[in-house]
Amino acid sequence: MPIRRFADPPALFQAAARRVAEQLQAAIDARGQASLALAGGSTPRGLYQQLAQLPAAQAPDWHRVAFYFGDERAVPPDHPDANYRMAHENLLGPLKISPTQIHRIEAERPQHEVEAHYRQRLAQLPQQDGWPCLDLILLGMGDDGHTASLFPGSALLAEQQVSFIGAEVPGRGLRYSLTLPVLNHARQLMLLVSGKEKAAAVAQALQEPAAQLPVQQLAGQVTEWYLDHAAAAHLKPEALP
Ligand code: 6PG
């Protein structure tokens, strides 16, 4: 489980953008195309802005990248809370990504349609052990240890049968999310965490195996942690590179 720590959010975003570009291009070189699932939240936003500004020599061949979403709120795509809107404003729009490359969670539809539609989209990806295999999934983490829309105690977290599902999350409304088996069948996960309000959860996640945070259920062998100094502040020195 590699952990990388950076002095501040801009340094984190820059390094993470280079890593994303490198991994997408490696997938394109190996298989002709790459699949990337996007996250919501403020830390991913900083990464998207950086990705959209990569110099051409460092950017992957964006025409060969298919974009998916890790989670979404039950709102239309132009809603201020929509992860799609944030991704569009900061990454997909600035890069002029063709709509044919974007697999949006159509969260404005009735729940059963949203689920059926996205499961079908995911079923068109290469599969491994019966699960869709994305090249790279970007994730953020909340101060309660949630990732994507897998919150502590939520039915979404326990789901082991389907690739994608929605559920009411107390206090947060209806959320849709990729399920843990999909996250853990990705070739690579990148977990981006910044800010001192996340420091306690980061320390718990990485140092207290019994804490039972959602983020601790991510497969360690494919998860790279990108932390800024503030988010890593409660980690013991031996946990750090
Ligand atoms: C979302 C997410 C969620 C997010 C974390 C961290 O849609 O909100 O996918 O998992 O990444 O809550 O968000 P912040 O970076 O804003 O704290």
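Definitions and cut-offs
Residues numbered from 1 in each chain as written. Predicted model: local features only at pLDDT ≥ 70, side-chain atom pairs only at ≥ 80, totals over all residues. Heavy atoms only, no water. Phe/Tyr/Trp six-rings, centres within 6.5 Å; stacked < 30°, edge-to-face > 60°. Helix = DSSP H or I, 4+ residues; strand = E, 2+ residues; numbered from the N terminus. Buried < 20%, exposed > 50% of the residue type's maximum accessible area, 1.4 Å probe, protein only. Near = heavy atom within 4 Å. Polar contact = N/O pair within 3.5 Å; in protein donor to acceptor, adjacent residues only side chain to side chain. Areas by Shrake-Rupley, 256 points an atom, 1.4 Å probe, with all protein chains shown as cover. Nonpolar A, V, L, I, M, F, W, Y, C, P; charged D, E, K, R; others polar. Expected span 1.5 Å × (residues − 1). Contact = heavy atoms within 4.5 Å. Pairing = 2+ DSSP bridges. Axes fitted to C-alpha atoms, helices over the stretch in contact; angles between N-to-C directions. Left-handed = near helix turned anticlockwise from the far one by under 90°.

Undergrad: Would you mind showing me how to read the packing of aromatic side chains here?
TA: The geometry of two aromatic rings is summed up by the distance between their centres and the angle between their planes. With the rule as written, the count across this model stands at six aromatic pairs. Measuring from ring centre to ring centre gives 5.6 Å for Phe-6 and Tyr-226, while their planes differ by 15°; the resulting arrangement is stacked. You can see Phe-6 sitting in strand S1 (residues 3–6) and its partner Tyr-226 sitting in strand S11 (residues 223–228), a full 220 residues away along the chain. Tyr-226 carries the same exposure label as Phe-6, and that label is buried. When the centroid spacing of 4.9 Å and the interplanar angle of 50° are considered together, the rings of Tyr-118 and Phe-164 count as tilted. Linking Tyr-118 in helix H4 (residues 111–123) with Phe-164 in strand S8 (residues 164–169), this pair joins segments that are 46 residues apart in sequence.

Undergrad: Please clarify how the environment of Gly-173 should be interpreted in this entry.
TA: Residue placement: Gly-173 occurs in strand S9 (residues 173–178). The partly exposed category is assigned to Gly-173, whose relative accessible area is 27%.

Undergrad: Is there a simple way to explain the site of the ligand in this structure?
TA: As a matter of local geometry, the ligand sits amid 14 residues, with Ser-42, Asp-71, His-146, Ala-148 and Lys-198 nearest to it. Thr-43 places a polar side-chain atom, nitrogen or oxygen, 3.1 Å from an oxygen atom of the ligand. Relative to its free-state accessible area of 410 Å², the ligand is covered by the protein chains to the extent of 86%. Of the residues in the shell around the ligand, the class split is two nonpolar, nine polar and three charged.

Undergrad: Could you clarify how one ought to interpret unusual backbone geometry in this entry?
TA: As a rule of thumb, non-glycine residues mostly have phi less than zero, and peptide bonds are mostly trans rather than cis. Its identity is not glycine, yet Ala-148 carries a phi of approximately 45°, on the positive side. Its location among the elements puts Ala-148 in the loop between strand S7 (136–140) and helix H5 (155–158). The class of Ala-148 is buried, set by a relative accessible area of 13%. Here Gln-212, not a glycine, exhibits a phi torsion of approximately 60°, which is positive. Along the chain, the position of Gln-212 falls in the loop between helix H7 (199–207) and S11. For Gln-212, a relative accessible area of 68% corresponds to the exposed category.

Undergrad: I tried to follow H4 on my own but got confused; where do I start?
TA: If you check H4, its first and last C-alpha atoms are 18 Å apart, about what 13 residues at 1.5 Å a residue would give, namely 18 Å. Along H4, the residues classified as buried are Val-114, Glu-115, His-117, Tyr-118 and Leu-122. Next to the buried residues of H4 lie strand S3 (65–69), strand S5 (127–128), strand S6 (131–132), S8 and S9.

Undergrad: Please explain the sheet that holds S8 as it appears in this structure.
TA: Either a parallel or an antiparallel arrangement is found when strands of a sheet pair, and the pairing is made through backbone hydrogen bonds. Within the open sheet, the three strands sit side by side as S4-S9-S8. Their pairing is antiparallel. Of all the strands in the sheet, the pair left with one neighbour each is strand S4 (71–73) and S8. Taken over all neighbouring pairs, the strand axes of this sheet differ in orientation by 20° on average, direction set aside. Seen against the sheet, H4 touches S8 and S9 and runs at an angle of roughly 145° to S8.

Undergrad: What is the right way to look at the packing of helix H1 (residues 9–31) against helix H2 (residues 42–52) in this model?
TA: Each pair of packed helices gets described by two things: the angle between the helix axes and the distance between those axes. The geometry of H1 relative to H2 is characterised by a closest axis approach of 8 Å and an angle of 65° between their N-to-C directions. The two elements H1 and H2 meet at a crossing, and its hand is right-handed. Seen from H1, the contacting residues are Phe-13, Gln-14, Ala-16, Ala-17 and Val-20; seen from H2, they are Thr-43, Gly-46, Leu-47, Gln-50 and Leu-51. Class assignment of the residues belonging to the contact of H1 with H2 gives a composition of six nonpolar, four polar and no charged.

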